[in-house]
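Below are the chains, spelled out letter by letter.
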Amino acid sequence: MAGSGKTNRGLERERRTVAAMIRIYCRDRHRTRGELCAECRRLHDYAMGRLDRCPFGEDKPTCAQCPVHCYQPALRERIREVMRYAGPRMLWRHPWLAICHLLEGRKPAPSSVPRKRQVASSEADRSE
Ligand SMILES: [Zn+2]
């Protein structure tokens, strides 16, 4: 990281968190080892690019809470799926990152209105 004089700790952590989540997701869902599949690599690169451009910089909320939805809808759906899958699993592999992520995600109290669960046309969701 040469060039940039400022360090964004929050941003850096978010970056690592997102990267770790995509890795977990890809490994479990796509049976990859060490390397991301092409699809997940694209998502990863895209997410990193978005973080670079995040207007909040240091004060960035976690993406889940972010009021600026800077992701393309399709990729946004995918990253949400990744986070939903990998989020709980992060506790095992990267407890510190996961806890930071959870704490930050808690900052703003969301309205108590339960959001209707989105049902994709054919959601093959295993009951957990
Ligand atoms: Zn993958």
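Relevant structure appears above.
Residues numbered from 1 in each chain as written. Predicted model: local features only at pLDDT ≥ 70, side-chain atom pairs only at ≥ 80, totals over all residues.

### Let's talk about the overall build of the chain
Looking only at helices and strands, the chain has four helices and zero strands in total. Listing every helix and strand of the chain by position from the N terminus yields α-α-α-α. Considering only contacts in the chain between residues 6 or more positions apart, those separated by 24 or more positions represent 68%. (Helix = DSSP H or I, 4+ residues; strand = E, 2+ residues; numbered from the N terminus. Contact = placed C-beta atoms within 7 Å.)

### Thoughts on unusual backbone geometry
Despite not being glycine, Arg-31 has its phi angle at roughly 55 degrees, a positive value. Position of Arg-31 relative to the elements: it lies in the loop between helix H1 (9–30) and helix H2 (38–52).

### With respect to the nonpolar core
Residues Met-21, Ile-22, Tyr-25, Val-82 and Ala-86 are the most contacted members of the largest nonpolar core, which totals 14 residues. With residues up to four places along the chain from it excluded, the contact list for Ala-86 reads Met-21, Ile-24 and Tyr-25. (Core = buried A, V, L, I, M, F, W, Y, C linked by C-beta atoms within 7 Å. Buried ≥ 20, exposed ≤ 12 C-beta atoms within 10 Å, placed from the backbone.)

### Quick look at H1
The end-to-end C-alpha distance of H1 is 31 Å, a good match for the 32 Å that 22 residues give at a rise of 1.5 Å each. Inspection of H1 places Glu-14, Thr-17, Val-18, Met-21, Ile-22, Arg-23, Tyr-25 and Cys-26 among the buried residues, and these make up the whole buried set. Backbone geometry just downstream of H1 places Arg-31 in the positive-phi region, at approximately 55 degrees. (Expected span 1.5 Å × (residues − 1).)

### Remarks on the packing of H1 against H2
A packed helix pair is summarised by two numbers, namely the angle formed by the two axes and the spacing between the axes. Close contact between H1 and H2 brings their axes to 10 Å; oriented N to C, the two are set at 170 degrees. Classed by the angle they form, the pair H1 and H2 counts as roughly antiparallel. Where H1 abuts H2, its residues Leu-11, Glu-14, Arg-15, Val-18, Ala-19, Ile-22, Tyr-25, Cys-26 and His-30 lie against Cys-40, Leu-43, His-44, Ala-47, Met-48 and Leu-51. (Axes fitted to C-alpha atoms, helices over the stretch in contact; angles between N-to-C directions. Parallel < 35°, antiparallel > 145°, perpendicular 65-115°, else oblique.)

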